[in-house]
Amino acid sequence: MSEIDLTPLREILPIYALQGRSGLLPALHAAQKHYGWLPQPVAAEVAQALQVPLADVHGVIEFYSLFYNQPVGKRIIRICTDAACALKGADHILSGLCARHGIQPNQTALDGATTIESSPCLGLCDHAPAALVNNEAETNFDPSQNSWEPGRPASKIYRLSSFLTSNCGKGRAATLAEYGDYPAYHRTLTMTPESVIAEVKAAGLVGRGGAAFPTGIKWEGAAKADRFPKYLVCNADESEPGTFKDRVLLLDDPHCVIEGMCIAAHAIGAQKGYIYLRGEYPYILPGLENALAEAREAGYLGEKFDIEIRLGAGAYICGEETALFESIEGKRGYPRIKPPFPTTNGLFNQPTVINNVETLCNVPLIIAKGPSAYRQIGTEKSPGPKLFCVSGDVARPGVYEVPFGVTLRELLRMANGDPTDPLADSSLENHIQAILFGGAAGAFATSAHLDVKLTFEDLRAAGLPLGSGVVMVFNQSRDLRQTLAVLGKFFAHESCGKCYPCQMGTQRQAEILERIAEGKRKAGDLDRLQDIGWTMTDASLCGLGQTAASAVLSALKLGLIKI
Amino acid sequence: MPKLIIDAQEITVEDGLTILEAARQFAIDIPTICWHPATTANGLCRMCVVEIDGMRLLQPSCVVKAADGMKVQTKSERVNRARKTILEMLASSVDLADSPEIQGLMSEYSASPDRFPAAHRREVEVKDDNPMYIRDYAKCVLCWRCVQVCADDAQYTYAINFSGRGFETQIGTFFDIPMPATSCVFCGQCVGVCPTGALKPKREFLLEQGVAPEQIVVMNSGRKSKAKSQKS
């Protein structure tokens, strides 16, 4: 190994060392930015500066896909090969590109300039096929020409209502002047924390990240905990395959989520907030940092409450709230056993509220309009607006803002072009083979479900999870065995490995789904999938394992796998 | 003093016990793999899961506290399916030749070692890099006990942690450096808590390899190659 000059690293490490172990991921990001990867002496220097055991630093580097302990190219091209991009020929693009460079996926070309990887969902499903080239999104490349135009991904927004996305779609982040002077936050400053929480409860807001837990009750739990400090965390680790709504909100209207966080912090008594941004969204960072600076300048953030952005490093499991805390604390993203719950024992074991981006974006709306006006949107049991991420075989993939209560048919009519065209409607049944609801961790629906209303209660009755709002459409020509193999591979790649059912179950499930996709099913494979699936669902430690077989089991139940 | 029902047996136990501890006080058998009295319970092997009335999912009895009015089933159909499948997946992933306890569970739950054909196994070479113990991670069930006793559960040495993720997780050192180059103090506690022979005293390993006892002299770093060369 050639000599590595550690001087520049020694200059930057003291800032991170102030945070102790919690500074580990930011320090590794900074080191990797400088050296291109994380050689052993660099990792050792980080370990020493932060006083973290060497083996632990290595364990952290090994856990996160975006940290490298061997050399990689100056340009890293990550081709998304997950469900939506797979429908648009991602595998061909990947193999073509690799052939051009004379390498296999996940290798670096001999000249050391380019590394090509197959990536889990990049949250660019509305642009499928998509890629990430270093820190920029590639949404428009032409593999036949090898032409690249990486940059900021455009937001494709379609609306029946315009509450959450009114500032979105400008092709840049809305400035503070455009967003307004945080009127809802100003209103909360005249209210007691209890009355803020009461309004959020009265509005009936539930989490939009997938678990649909009542937001006001969560806030109340942390507000009542009598230990300080308390933390507020925005979960921007949007990694559920098929989900890209938070990307649009954060890119186009960052002040909305920041105002929501200011209100939440006031309600629970938090002085410090974190936005945990997924590592595959690096292009969101500059605009978000700029918005935080604007908010500080205007006095909304500062001594009373301030926000730090934490960049993830490639681990779907860190979207699980306790794994996310572990990650901020500088550890491998292993989920914790619950209880205790975050409201009493969260980040740094302190009372913590963690909310999804879209959830927090609903908060200014509730406070500004008041709960009863908010409840005019949507249905009685599912109040408010909702963002759906529509992708796959539709004419217009994108983020759809609708009030809760529209039917799946109405949503898909919009997504197929003309919402009033009866022909578009009648062809819907002929067009659709299946719809993946709620993401990789969701379940399949068929055209028999087209008239189900998109509300928590109606979907629950239909046995479908709303999840993070994913609606991924598969037309009649699709071989769903391929899609299931892709989903299986995703979970095997993303299982953290802590609990046995998921650690081994995702691997065994992926192997079986792969051979089924290849037409090489073995006798007993369907029984094996059932046993693995139910064991993961029933006995896994966290939500990842508990839902890692959900789509597979639903496909088997609906008879969607033709074998 | 919580009063609860486990498998139709009404029991009263002192406060603060886990369901596992409560059940064992009354000779109700709940199997475990990762659990060990000297390490913090992590509830990760999920062999000790039980069905509790009113809970949607199976619960790890090693961490869930016995509570008043609880109704617990330790041998329901759901429980047995999970345990059997976990054991079968384990047998398809790991060399269980030195794990008589797990093999016993396999027969108790009628788990077939061949349930998952053409399965990718965690096969790695034996790491023989120090005079005290060998590391045969093909036999490792990732119970985490060694990492825990090396860290805050006992020794505060932090010589080992994890590498990889998911199914590819392995116990490892900093950049896989040999054990003598780490902070390992050779206390032997990791070897003591290993349930599967993945960590084994060097002497035991050599004896199993057919090395004659008199050829294994004093344990020090110079003897390893000597013992091997005498054998060949």
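Residues numbered from 1 in each chain as written. Chains lettered and ligands numbered in written order. Predicted model: local features only at pLDDT ≥ 70, side-chain atom pairs only at ≥ 80, totals over all residues. Heavy atoms only, no water.

Draft legend 1. Examining the overall build of chain B more closely. On a plain count of helices and strands, chain B comes out with seven helices and nine strands. Along the first, second and third principal axes, the C-alpha set of chain B runs to 65 × 40 × 35 Å. Looking at chain B residue by residue over its 232 residues, the buried ones come to 53%. For chain B, the share of sequence-separated contacts (at least 6 apart) that also reach a separation of at least 24 residues comes to 56%. As displayed, chain B offers around 10300 Å² of accessible surface, 51% of which is attributable to carbon and sulfur atoms. Of the charged side chains in chain B, 27 are positive and 28 negative, and the gap between their average positions amounts to 4 Å. (Helix = DSSP H or I, 4+ residues; strand = E, 2+ residues; numbered from the N terminus. Buried < 20%, exposed > 50% of the residue type's maximum accessible area, 1.4 Å probe, protein only. Contact = heavy atoms within 4.5 Å. Areas by Shrake-Rupley, 256 points an atom, 1.4 Å probe, with all protein chains shown as cover. Lys, Arg positive; Asp, Glu negative; His and termini not counted. Charge placed at Lys NZ, Arg CZ, Asp CG, Glu CD.)

Draft legend 2. Main features of the nonpolar core. Tyr64(A), Trp219(A), Ile258(A), Phe444(A), Tyr500(A) and Ile33(B) are the most contacted members of the largest nonpolar core, which totals 197 residues. No other element matches helix 12 (residues 254-268) of chain A, which puts 10 residues into this core. Counting 28 residues, the second-largest nonpolar core is a separate cluster that includes Val206(A), Leu412(A), Leu459(A) and Val473(A). (Core = buried A, V, L, I, M, F, W, Y, C linked by side-chain atoms within 4.5 Å.)

Draft legend 3. Structural detail: the packing of aromatic side chains. Using the criterion set out here, one finds 21 aromatic pairs over all chains in the structure. Taken together, a centroid distance of 6.0 Å and an interplanar angle of 75° make the contact between Tyr64(A) and Phe67(A) edge-to-face. Assigned by exposure class, Tyr64(A) and Phe67(A) land together as buried. A centroid spacing of 4.6 Å and a plane angle of 45° characterise the contact between Tyr334(A) and Trp144(B), whose relative ring orientation is tilted. Of this pair, Tyr334(A) sits in the loop between helix 14 (321-328) and strand 10 (352-356) while Trp144(B) sits in the loop between strand 6 (133-135) and helix 4 (145-150), placing the two residues on different chains. The class for Trp144(B) is buried, based on a relative accessible area of 9%. Through pairs of rings, three or more aromatic residues link up here, namely Phe63(A), Tyr64(A), Phe67(A), Tyr334(A), Trp144(B) and Phe162(B). Over the aromatic face of Tyr281(A) sits the side chain of Arg278(A), whose NZ or CZ is 5.4 Å from the ring centroid. (Phe/Tyr/Trp six-rings, centres within 6.5 Å; stacked < 30°, edge-to-face > 60°. Lys NZ or Arg CZ within 6 Å of the ring centre and 35° of its normal.)

Draft legend 4. Molecular detail of the interface of chain A and chain B. The interface is formed by 52 residues belonging to chain A together with 47 residues belonging to chain B. Here chain A meets chain B over a buried area of about 4100 Å², counting both sides, of which 59% is carbon and sulfur. Inspection of the chain A/chain B interface yields four salt bridges. In this structure, Asp538(A) and Arg78(B) form a salt bridge, with 2.8 Å as the shortest nitrogen-oxygen distance. Joining chain A to chain B, the criterion identifies 27 residue pairs in polar contact (both at pLDDT 80 or more). When contributions to the side of chain A that touches chain B are tallied by element, the ones reaching two or more residues are helix 3 (40-50), helix 4 (54-63), helix 20 (480-494), helix 21 (500-517) and helix 22 (525-539) of chain A. Taken together, the residues of the side of chain A that touches chain B sort by class into 22 nonpolar, 17 polar and 13 charged. (Buried area = accessible area lost by both parts, 1.4 Å probe. Salt bridge = Lys/Arg side-chain N within 4 Å of Asp/Glu carboxyl O. Polar contact = N/O pair within 3.5 Å; in protein donor to acceptor, adjacent residues only side chain to side chain. Nonpolar A, V, L, I, M, F, W, Y, C, P; charged D, E, K, R; others polar.)

Draft legend 5. Representation of the domain arrangement of chain A. Residues and elements named next belong to chain A. What the domain assignment lists for chain A is domain 1 (7-63), domain 2 (75-149), domain 3 (159-374), domain 4 (385-475) and domain 5 (480-557). The straight-line distance from the C-alpha centre of domain 2 to that of domain 5 is 26 Å. Contacts between domain 2 and domain 5 engage seven residues on the former and seven residues on the latter. In this assembly, domain 2 packs against domain 5 so that about 420 Å² is buried in total across both faces, 66% of it on carbon and sulfur atoms. Our count for the contact surface shared by domain 2 and domain 5 stands at zero residue pairs in polar contact (both at pLDDT 80 or more). Residue contributions to the side of domain 2 that touches domain 5 peak at three residues, all from helix 5 (residues 83-87). (Domains from an automatic or database assignment.)

Draft legend 6. Helix 3 of chain A, seen in detail. Among the residues of helix 3 of chain A, Val42(A), Ala43(A), Glu45(A), Val46(A), Ala47(A) and Leu50(A) are the ones counted as buried. Here the buried face of helix 3 of chain A lies against helix 1 (7-17), helix 2 (24-35) and helix 4 of chain A.

Draft legend 7. Local environment of the confidence of the model for chain B. All names here are of chain B. Chain-level statistics for chain B give a pLDDT mean of 94 and a share of 94% at 70 or above. Taken together, the stretch residues 221-232 has pLDDT below 50 and engages in 12 contacts with residues farther than four places along the chain or on a different chain. Two numbers describe this predicted complex: its pTM, 0.96, and its ipTM, 0.95. (pLDDT = per-residue confidence, 0-100.)

Draft legend 8. Fine view of empty space enclosed by the protein. Residues and elements named next belong to chain B. Under the criterion given, the structure shown has six cavities of 30 Å³ or more. In this structure, the largest cavity spans a volume of roughly 110 Å³. Contributing elements (two or more residues each) for the lining of the largest cavity: helix 4 and helix 5 (189-193). Size it by volume and the second largest cavity reaches roughly 90 Å³. Lining the second largest cavity are 14 residues, with Cys140, Cys143, Cys146, Cys194 and Pro195 positioned closest to its centre. For the lining of the second largest cavity, a count of residues per class yields 12 nonpolar, one polar and one charged. (1 Å grid on protein atoms, 1.4 Å probe; cavity = no way out; pocket = protein on both sides within 12 Å on 5 of 7 lines; lining within 4 Å. Points joined across faces, edges and corners; volume = space filled by probe spheres on them.)

Draft legend 9. Region of the structure containing the domain arrangement of chain B. Residues and elements named next belong to chain B. The assigned domain composition of chain B is domain 1 (3-75) and domain 2 (133-231). With nine residues of domain 1 at the interface, the matching set in domain 2 holds nine residues. Of the roughly 730 Å² buried between domain 1 and domain 2 on both sides combined, carbon and sulfur atoms contribute 53%. Taken together, domain 1 and domain 2 are joined by zero salt bridges. Applying the counting rule to domain 1 against domain 2 returns six residue pairs in polar contact (both at pLDDT 80 or more). Looking at side-chain class alone, the side of domain 1 that touches domain 2 contains five nonpolar, four polar and no charged residues.

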